[in-house]
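Chain by chain, the residues:
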Amino acid sequence: SPQAIVVNPKAPFKVEVFTDRDTSGNASPGYNIGEGISIGVKVSEAAYVYLFNIKTNGQVNQLLPNRYDDNGKNNYLQAGETKYFPPRNARYTFDIDGPNGLEKVIAVASRTALDTTQLANFNTDPNFASSNIGETGFQQTFSIVITPIPQNDWVTDTALFYVGGVPAPA
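Worth saying up front: this structure is predicted, and the values here are computed from it rather than measured.

So, how was this worked out
- Residues numbered from 1 in each chain as written.
- Predicted model: local features only at pLDDT ≥ 70, side-chain atom pairs only at ≥ 80, totals over all residues.
- Heavy atoms only, no water.
- Buried < 20%, exposed > 50% of the residue type's maximum accessible area, 1.4 Å probe, protein only.
- Helix = DSSP H or I, 4+ residues; strand = E, 2+ residues; numbered from the N terminus.
- Pairing = 2+ DSSP bridges.
- Phe/Tyr/Trp six-rings, centres within 6.5 Å; stacked < 30°, edge-to-face > 60°.
- Lys NZ or Arg CZ within 6 Å of the ring centre and 35° of its normal.
- Salt bridge = Lys/Arg side-chain N within 4 Å of Asp/Glu carboxyl O.

Novice: Mind showing me how you'd approach the pairing of strand β6 (residues 60-64) here?
Specialist: Looking along a regular strand, one sees side chains alternate from face to face of the sheet. Taken across its five residues, β6 has five buried, putting it largely inside the fold. Two strands pair when backbone bridges link them, and strand β5 (residues 47-54) and β6 are joined in this way by four bridges, in the antiparallel orientation. The residue bridging Asn53 from the neighbouring strand is Asn61, located in β6. Hairpin remark: β5 followed by β6, antiparallel, with five residues in the connecting loop; positive phi at Gly58, about 95°. In the sheet, β6 pairs with strand β11 (residues 130-131) via two bridges, with the strands oriented antiparallel. When the sheet's bridge partners are listed, Val60 is paired in β11 with Ser131.

Shown next as structure tokens:
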């Protein structure tokens, strides 16, 4: 959960992130390898929004902002605005790949722009930033990135989904 990253007091605004199979953002739907996925994000107040996918193998992919198209380059959302990635009629898709397990999409909304180059960079892909810092490294580095920002000027939300389908109850 985002609270495990850094203690985040109740901000006067919020961000919501969700998948196309759970628009509430509260469940953990399953996706099979090769299936497409769409990620949605909504803010209650104008803010810069950053989306990160933490994969089961520890890879961190920055979905927003990205350099692929104008929708991905513009990560400033207006109050009440909802954006989907990939956007309708995009020239790309997000397809699920392995390994199986629980993945996370973390949304960060901030009243000021953030420098996320410590979290992910464009060294291996010119369009989407990534890193291999893993979830623990992401949490630690995120706390450094967000430290200069007043605590009531940023907020986070997390959407979870399973790769390989939802596991059977034990």
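Novice: Looking at this structure, I do not really get the packing of aromatic side chains. What am I missing?
Specialist: Overall, the coordinates contain 11 aromatic pairs when judged by the stated rule. Note on Tyr92 and Phe94: the rings are 5.5 Å apart at their centroids and 50° apart in plane angle, and the pair reads as tilted. What makes Tyr92 buried here is its relative accessible area of 9%. Classification of Phe94 by relative accessible area gives buried; the value is 13%. Ring geometry for Phe138 versus Phe142: centroids 6.0 Å apart, planes at 10°, classification stacked. Here Phe138 and its partner Phe142 are both found in helix α2 (residues 134-146), four residues apart, which amounts to about one turn of the helix. Residue class for Phe138 comes out buried when judged on its relative accessible area of 0%. Looking at Phe142, the relative accessible area reads 2%, which means it is buried. Through pairs of rings, three or more aromatic residues link up here, namely Phe52, Phe138, Phe142 and Trp154. Over the aromatic face of Phe122 sits the side chain of Arg67, whose NZ or CZ is 3.6 Å from the ring centroid.

Novice: Before we go on, may I ask you to explain the pattern of salt bridges in this structure?
Specialist: For side chains bearing opposite charge, pairing can occur when the charged atoms are close. Throughout the structure, instances matching the rule amount to seven salt bridges. For Glu35, the salt bridge goes to Arg21, with nearest N and O atoms at 2.9 Å. Of this pair, Glu35 sits in the loop between β2 (30-31) and β3 (36-37) while Arg21 sits in the loop between β1 (15-19) and β2, and the two are 14 residues apart along the sequence. The partly exposed category is assigned to Glu35, whose relative accessible area is 25%. Note that Lys55 and Glu103 form a salt bridge whose closest N and O atoms lie 3.4 Å from each other. Residue Lys55 is found in the loop between β5 and β6, and its partner Glu103 is found in strand β10 (residues 101-110); the two are separated by 48 residues along the sequence. Assigned by exposure class, Lys55 and Glu103 land together as buried.

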